[in-house]
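For reference, the chains in residue letters:
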Amino acid sequence: MTPQVLMDGLVAGAMIGLGAIGITLTYSILRFSNFAHGEFLSWGAYLVLAVASGLGFLAGGPASPLGPFSFGWTLPVALVAGIALTAALALVVDALLFGPLRHRGSAVIILVMASFGAALTLRSLLEFIFTSKPMYFTSALQIARPLGGGLRATPDQLLALGLAAILVVAIHLLLTRTAIGRSMRAVSENRQLAGIAGIDVRMVIRTVWIFGAGLACVAGVMSGLLVQIRPQMGLDLLLPLFAAAILGGIGSVPGAMIAGLIVGLAEAMTVQLVGAEWRAAVAFVILVAILLLRPRGLFGRPE
Amino acid sequence: MTPVSDAAIVLATRALVSGYEPDLPIVRGVDLQVTKGEFLLLLGPNGAGKSTLVKTIAGLVPVHSGAILHDGADLTAMPPHLRVRHGLAFVPQTENVFTTMTIHENLLVAAQVLPRERRAGRIADLYAMFPDLARLKALRAGQLSGGQRQMLAVARALIVEPSVLILDEPSAGLAPKVVQDVFANLKAINAAGVTTVLVEQNVKAALAIADRAIVLVEGEVRLEGDARTLGDDAVVAELYLGSRHRPAEARR
Amino acid sequence: MIDLLSYGAFFLSVALTYAIISLGLNVQWGQTGLFNVGIAGFVAVGAYVSALLTTPATADHLGGFGLPVAAGWLGAAVATGFVTFLVGALTIRLRSDYLAIATFGAAVAIHLCILNLQSVTGGPFGIGFIPRAFAGLADRPVAFSLANLALLAAVVLALYLALEHLARSPWGRVLRAIREDEPAALALGKSAVRFRLQAFALGGAIMGLAGATQAHFIGYIAPDNYQPILTFQVWAMLIVGGSGNNRGAILGAVVVWGIWALSASAVAGLFPAEQQARAASLQIVMIGLALCAILLWRPRGILGEARIMSRHVLRAAPTATPPPSTKSET
């Protein structure tokens, strides 16, 4: 096994971790597994691609690569817009679908089923608009540079890792140190009590969608930058995301990231040792193991 | 009921009908009037709808018809968190503190309603009022005893300096000695000017600290009167104070 | 006229194979409240097991064993029942949506297995020459399709009667009691888990049987037949028909399959060839929207929910202390 496996696994794992944070946050506040979360990754990637292409067109041609990276200035700008647009998408889905079901007091499983329908709709809409042909943020090729110790990484990969680390620390501090974080923890423990303690529960729910969808957009763009953009990418990532969220312990942000890295590394090792065609089974094996051995996850509280 | 001027009424319900399911009203047309500064006791047999009534006032149970008025405003359609900001504080019977948070965090959460500059001062006021809480402030609320938990729940409700404090059976599950402390606290809070509405099963002790009492039966007001004289009423005696069995209910 | 008749028989036969899946899902969801998102995977297990058991021996993959069709169907039901039992045993004690995640994962894993284990399943090429029932009639198309339709109708009818009987049996009553009354379920403890697990495995076995009937009706199976879209379609069928209602499950299958076939031919007629793949995704958008719309506006389906379905499955239990008075006084 080469050290390269480590780098590939970490990069993929960071991306899975960011997506899993969104799942764990929506789960701990809204109390259901959102099968549509993967679609926020795909929509995020496509929205950023659309904005970046639009900016490139206005600027009269694709922007030249920034420093050592494979992409030009349009991508970071488009990422900011894409985060906002993906968050808006999540808010719209909530307003049209989950909100009404929540207010009616629907059972958890009805919300899960609704998320299932939403996932189907969102994914097929992407396929209709962009077709199922893979797309790319950039056509520039990057050469992996040696980092010492036999480890090699492209500048894009290092950037993705750095960005993921910053985002995890930021979200963790926000949850533990700020008023909105306390409100989120309060709603997560007891929504009714949070309301009579003066917390605007609807505002907290909106905040959670914004964070979850925003992180999903970043993860989707990373995946698109390092691999490719396809309408199915969210569906393919959904199982690794759920595995990471449960392995990390529902509600735990650092847990989701660490578990994401574990899932990513396990996938990279499987590709190396067993074969790429079995990559998708890794998340299922991890899921089965965690449900058998420790259903509350590594850092979760017992239910 | 003695007629009172509208200005003195701080909380009222008008023909209030409410319940969890649309086809199953639990509170069935209650007219309630609470005067400023009074200590009102809500009594009634199990299932009379007392708890549902106060939860409806707090915004936790859907209103089918009627209205809830507080300090001249109509709260009927207002979400719970705005009722708190309006000065209507509620202490539920169970699950009334955030068990995964420390005492201090519980108070911080509630203080978020206040303007930033007043938060620390108000929390300090409450620590002065409940020195036990100050001593234990770094402890997780889940680790507290029943009495301490109740104290924290009341302190949490008082953070916003409410005009009306509503409590749902605060003595449930507490040892008699602790109940005395809780009631003494409530009496003191009421004496400090906070209008108090108390749902209680612990009838004798509660009648001793209340000004007025209302008896709910099957979601309707059955009786209403002065707390000192109501204890002598035949219906109340039959429902609560006499023998353990309740003929009026058993026949239903 | 003859064409119309054979097409009608063909359409109804396919719809009835879906009706079987839908009946299986109704045992799991409608009667027991267990959410299965891996239907496609379980149907695939049934189809492949039956195909391997009944096809003639070949060098391309494991088997076949050349057994009679009936043995294939039985094997499919048993094998799929066992697989669903394992998945259920893993999660049925945990939160309700962990079962959804686990079944979703199982479907992904099953799809991967039939795709990659080429020596067993034929891999991406699938398995062909699956023996069809009434093969002796193959040279008389109308008689052949009508005989197949009659066979499938008989299977659906038998299943319907058996499931209706089961719902009224002591076993069905216990399931209902467990679902409607959480305290009773808690009091039953371990045996409540066992009852739900039995229902989940039974539903899975029926899905496996459905996979087998489908495989033998079409005569050819491949991994691509068992994509998540199949799961979505069956859910739409049960939800449209009304969960908890066996007649609804059958009617929903016919209605949704009809809409699906109609919209597919509309896509074929309205869009130029190079745009058809794209337009087909609109069909799926439609199913997804329909699923959400029904959940929002007609949560009890078109036929409505039979009295068997509990309100508790659709409504969350109040999170605070339950209102002490509500039921006892009315």
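On a predicted model such as this, the values are computed, not experimentally measured, just so you know. (Residues numbered from 1 in each chain as written. Chains lettered and ligands numbered in written order. Predicted model: local features only at pLDDT ≥ 70, side-chain atom pairs only at ≥ 80, totals over all residues.)

Caption draft 1: Geometry of the overall build of chain A. Within chain A, the secondary structure is distributed over eleven helices and two strands. Shown N-terminal to C-terminal, the secondary structure of chain A runs as helices and strands in the order α-α-α-α-β-β-α-α-α-α-α-α-α. With the principal axes as the frame, chain A shows a C-alpha extent of 55 × 50 × 35 Å. Split into buried and exposed, the 303 residues of chain A put 59% on the buried side. Considering only intrachain contacts with a sequence separation of at least 6, the fraction spanning at least 24 residues in chain A is 77%. (Helix = DSSP H or I, 4+ residues; strand = E, 2+ residues; numbered from the N terminus. Buried ≥ 20, exposed ≤ 12 C-beta atoms within 10 Å, placed from the backbone. Contact = placed C-beta atoms within 7 Å.)

Caption draft 2: Representation of the overall build of chain B within the structure. Scanning chain B for helices and strands turns up eleven helices and ten strands. Counting all 252 residues of chain B, 42% fall into the buried class. Put simply, 66% of the contacts in chain B that link residues at least 6 apart link residues at least 24 apart.

Caption draft 3: The sheet that holds strand β5 (residues 73–74) of chain B, seen in detail. With antiparallel pairing, four strands are arranged side by side in an open sheet as β2-β1-β4-β5 (chain B). In the strand order of this sheet, the two ends are held by β2 (27–35) and β5 of chain B, each with one partner. (Pairing = 2+ DSSP bridges.)

Caption draft 4: Summary view of the interface of chain A and chain B. Every contact between the two is made by 16 residues of chain A and, on the other side, 24 residues of chain B. Residue assignment for the side of chain A that touches chain B shows that the elements contributing at least two residues are α6 (179–189) and α7 (191–196) of chain A. Broken down by element, the side of chain A that touches chain B gets its largest block of residues, six residues, from α6 of chain A.

Caption draft 5: Expanded view of the sheet that holds strand β10 (residues 220–226) of chain B. All names here are of chain B. Strand order in the open sheet formed by six strands is β6-β7-β8-β3-β9-β10, with mixed pairing between adjacent strands. If you trace the sheet from one side to the other, it starts and ends with β6 (88–91) and β10, each paired once. The mean inter-strand angle of the sheet, taken between neighbouring strand axes irrespective of direction, is 15 degrees. Bridge analysis of β6 against strand β7 (residues 164–168) gives four bridges, and the strand direction is parallel. Paired with F90 across the bridge in β7 is I166. Contacting β6 and β7, helix α6 (residues 146–158) crosses the sheet at an angle of about 165 degrees to β6. (Axes fitted to C-alpha atoms, helices over the stretch in contact; angles between N-to-C directions.)

Caption draft 6: Broad picture of the confidence of the model for chain B. Residues and elements named next belong to chain B. Averaged over every residue, the pLDDT of chain B is 88; residues scoring 70 or more account for 90%. In this model, residues 242–252 is a region of pLDDT below 50 whose contacts with residues beyond four sequence positions or in other chains number nine contacts. Reported for the predicted complex are a pTM of 0.87 and an ipTM of 0.89. (pLDDT = per-residue confidence, 0-100.)

Caption draft 7: A look at the packing of helix α1 (residues 2–30) of chain C against helix α10 (residues 228–241) of chain C. All names here are of chain C. Running from amino to carboxyl end, α1 crosses α10 at an angle of 70 degrees, the nearest separation of the two axes being 9 Å. Comparing the axis directions of α1 and α10 gives the class roughly perpendicular. Facing α1, whose interface residues are Y18, I21, S22, L25, N26, W29 and G30, α10 presents V234, M237 and L238. In terms of residue class, the contact of α1 with α10 is built from seven nonpolar, three polar and no charged. (Parallel < 35°, antiparallel > 145°, perpendicular 65-115°, else oblique. Nonpolar A, V, L, I, M, F, W, Y, C, P; charged D, E, K, R; others polar.)

Caption draft 8: Looking closely at the environment of G251 of chain A. Residues and elements named next belong to chain A. Looking at the element boundaries, G251 is found in the loop between α9 (233–248) and α10 (253–273). Between the C-alpha atoms of G251 and V201, which are 50 residues apart in sequence, the distance is 17 Å. In contact with G251, other than residues within four places in its own chain, are T24, S28, S188 and G300.

Caption draft 9: Examining the nonpolar core more closely. Within the largest apolar cluster, 279 residues are counted, with the highest numbers of intra-cluster contacts made by A114 and L287 of chain A together with V43 of chain C. With sequence-adjacent residues up to four places away left out, V43 of chain C is seen in contact with I21, M207, A210, G211, Y226 and L230 of chain C. (Core = buried A, V, L, I, M, F, W, Y, C linked by C-beta atoms within 7 Å.)

Caption draft 10: Summary view of unusual backbone geometry. Residues and elements named next belong to chain B. Even without being glycine, A15 reaches a positive phi, approximately 45 degrees. Unlike most non-glycine residues, E95 shows phi in positive territory, near 45 degrees. Within the secondary structure, E95 is located in the loop between β6 and α3 (103–111).

Caption draft 11: Expanded view of the interface of chain A and chain C. Contacts between the two partners involve 39 residues from chain A, matched on the other side by 38 residues from chain C. Every element with two or more residues in the side of chain A that touches chain C is listed here: α3 (74–103), α4 (108–130), α9 and α11 (279–293) of chain A. Ranked by the residues each element gives to the side of chain A that touches chain C, the list is headed by α4 of chain A, at 15 residues. Residue composition of the side of chain A that touches chain C, grouped by class: 28 nonpolar, eight polar and three charged.

Caption draft 12: Quick look at helix α12 (residues 276–297) of chain C. Residue and element names in this part refer to chain C. Given a rise of 1.5 Å per residue, 22 residues ought to cover 32 Å, and the 31 Å separating the end C-alpha atoms of α12 matches this to within 8%. Every buried residue belonging to α12 is among S281, I284, I287, G288, L291, C292 and L295, and all of these are buried. Buried residues along α12 cover an arc of 125 degrees about the axis, so they all sit on one side. Within α12, the exposed residues directed more than 90 degrees away from the buried face are A293 and W297. (Expected span 1.5 Å × (residues − 1). Arc of directions from axis to C-beta.)

Caption draft 13: Representation of the pairing of strand β4 (residues 63–70) of chain B within the structure. Residues and elements named next belong to chain B. The pairing of strand β1 (residues 9–18) with β4 spans six bridges and is antiparallel. Bridged to L11 within β4 is H70. Direction of pairing for β4 relative to β5: antiparallel, over a ladder of two bridges. Bridge pairing in β5 places L69 opposite D74.

Caption draft 14: Here's a closer look at the pairing of β10 of chain B. All names here are of chain B. Pairing between strand β9 (residues 212–217) and β10: six bridges, direction antiparallel. Residue V215 lies in a different strand from β10, and its bridge partner there is L223. Counted along the chain from β9 to the antiparallel partner β10, the turn is two residues long, and its residue E218 has a positive phi close to 50 degrees.

Caption draft 15: Summary view of the environment of G66 of chain C. Residue and element names in this part refer to chain C. On the secondary structure map, G66 appears in the loop between α2 (39–54) and α3 (69–91). Of the residues examined, G66 has 13 C-beta atoms within 10 Å and is grouped as partly exposed. Each C-alpha atom of the pair G66 and I130 lies 9.7 Å from the other, and the pair is 64 residues apart in sequence. Those residues in contact with G66 that sit more than four places away from it in its chain are T54, P56 and A57.

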